[in-house]
Amino acid sequence: MRQLMFLFASLMLLAGCQRTIDATDYEHTRDYVRYGLSVDSGNVIVNPSLDRGQTRAVAQYVGVSVPTVRVEVLQQVLEIEGECGERADCLVDFFVDLLPATDGTVELGDGTVQLNEMTGDTTVDIESGTLDASGLESGLFIATVGGAIDVSFATTPTTVELESSEGDVVLRVPAGSYRVDASASGSVTIEGITEDPAAASSLRAEAVSGDLVIRGF
């Protein structure tokens, strides 16, 4: 349901225009140990899969110039790319099923990223948009986002670094002891965890323009 709502929201951005919608499925038929996902304009949903996985790319655009879409495995790296260029009337959305323990990077110019129940080490960079990550079991998770961040962990992470330049930051982790570095232009709320400079796990979170919440459960 969330994926359908996600796609519907993207379609509404191009409503009223004569648009073309191209949807293509790619099977990940070769072994990969990492993934790299790069999109200049669009939305991304990543879900875990115990199979080798697949990617659905949905390109939406006006005119005859087709966005660049590339999904392939090179030297054990699954490379996923969507590029609209300078046009404002274009989106490339990706719905990706990955082996859950795959390490990877997500780079997005404008849009939203949703990560569900992944366990690999992950780096996310979003220039303008939002990040929603839930049920993570990653040891290392780093995100720099030009919008709101909402991240939750199912297991205790080793290192978390979150920075939002515009928007609130919410981080949920299992209760326990953490080294904490937290700052915000608005309010800072830390509850349900123990701040311990000698703890094995570290949390660094900054909301440059917004509020910050770190909550243990």
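Anything mentioned here points back to the structure above.
Because the structure is a prediction, the values reported are computed rather than measured.

Asker: Break down the pattern of salt bridges for me, with residues and values.
Answerer: A full pass over the atoms with the stated rule returns seven salt bridges. Measuring nitrogen to oxygen at the nearest pair gives 2.5 Å for the salt bridge that ties R215 to E191. Of this pair, R215 sits in strand 17 (residues 212-216) while E191 sits in strand 14 (residues 188-191), placing them 24 residues apart in sequence. Several salt bridges share partner residues, and in doing so they unite R70, E72, E79 and E81 into one network.

Asker: Which residues make up unusual backbone geometry, and what are the values?
Answerer: With a phi angle near 50°, Q75 is a residue other than glycine that sits in the positive phi range. Mapping Q75 onto the fold places it in the loop between strand 4 (68-74) and strand 5 (77-83).

Asker: Break down the environment of R52 for me, citing the residues and quoting the values.
Answerer: Position of R52 among the secondary structure elements: in the loop between strand 2 (34-48) and strand 3 (54-62). Residue classification places R52 among the partly exposed residues on the basis of a relative accessible area of 40%. Along the primary structure R52 and E27 are separated by 25 residues, whereas in three dimensions their C-alpha atoms are 8.0 Å apart. With near-sequence residues (within four places) excluded, R52 lies in contact with H28, T29, R30, D31, Y32, D97 and L99.

Asker: Please give an account of the pairing of strand 2 that cites residues and values.
Answerer: A regular strand places its side chains so that they alternate between the two faces of the sheet. A large share of strand 2 lies buried, amounting to eleven of its 15 residues. In this structure, strand 2 lies alongside strand 5, joined through six bridges in parallel fashion. Bridge pairing in strand 5 links L37 to I80. In this sheet, strand 7 (residues 103-116) lies alongside strand 2 in parallel orientation, the contact comprising twelve bridges. The residue of strand 7 that forms the bridge with V46 is L115. Two elements, strand 2 and strand 6 (residues 90-98), share five bridges in a ladder whose sense is parallel. By the bridge assignment for strand 6, N47 is matched with D97.

Asker: Help me get a handle on the pairing of strand 11 (residues 159-164), residues and values and all.
Answerer: Burial along strand 11 is one-sided: the residues V160, L162 and S164 are buried and none of T159, E161 and E163 is. As judged from the six bridges shared by strand 9 (residues 140-145) and strand 11, these two strands associate in the parallel manner. By the bridge assignment for strand 11, F141 is matched with V160. Strand direction decides the pairing type here: strand 11 and strand 16 (residues 202-207), joined by six bridges, are parallel. Paired with S164 across the bridge in strand 16 is A207.

Asker: Lay out the packing of aromatic side chains in plain terms, naming residues and giving numbers.
Answerer: Aromatic rings in a pair are described by how distant their centres are and how their planes are angled relative to each other. The final tally for this structure, using the stated rule, is one aromatic pair. Consider the rings of F141 and F153, whose centres lie 6.1 Å apart with planes at 90°: the pair is edge-to-face. Highlighted residues: F141 in strand 9 and F153 in strand 10 (residues 149-153), separated in sequence by twelve residues. Here F141 and F153 have matching classes, each one buried.

Asker: Talk me through a negative patch on the surface; I want residue IDs and the actual numbers.
Answerer: A grouping of E107, D110, D125 and E127 is seen on the molecular surface, where their side chains present a negatively charged patch. Sorting the residues of the negative patch by element identifies strand 7 and strand 8 (122-136) as the ones contributing at least two each. As for its position among the elements, E107 is in strand 7. Taking the relative accessible area as the measure of exposure, E107 reaches 45% and is therefore partly exposed.

Asker: So what about the side chain of N43? Which residues, and what values?
Answerer: On the secondary structure map, N43 appears in strand 2. The exposure class assigned to N43 is buried, which follows from its relative accessible area of 10%.

Definitions and limits used
Residues numbered from 1 in each chain as written. Predicted model: local features only at pLDDT ≥ 70, side-chain atom pairs only at ≥ 80, totals over all residues. Heavy atoms only, no water. Salt bridge = Lys/Arg side-chain N within 4 Å of Asp/Glu carboxyl O. Helix = DSSP H or I, 4+ residues; strand = E, 2+ residues; numbered from the N terminus. Buried < 20%, exposed > 50% of the residue type's maximum accessible area, 1.4 Å probe, protein only. Contact = heavy atoms within 4.5 Å. Pairing = 2+ DSSP bridges. Phe/Tyr/Trp six-rings, centres within 6.5 Å; stacked < 30°, edge-to-face > 60°. Patch = residues over 30% accessible without salt bridge, like charges linked within 9 Å, V, L, I, M, F, W, Y side chains within 5 Å. Areas by Shrake-Rupley, 256 points an atom, 1.4 Å probe, with all protein chains shown as cover. Lys, Arg positive; Asp, Glu negative; His and termini not counted. Charge placed at Lys NZ, Arg CZ, Asp CG, Glu CD.

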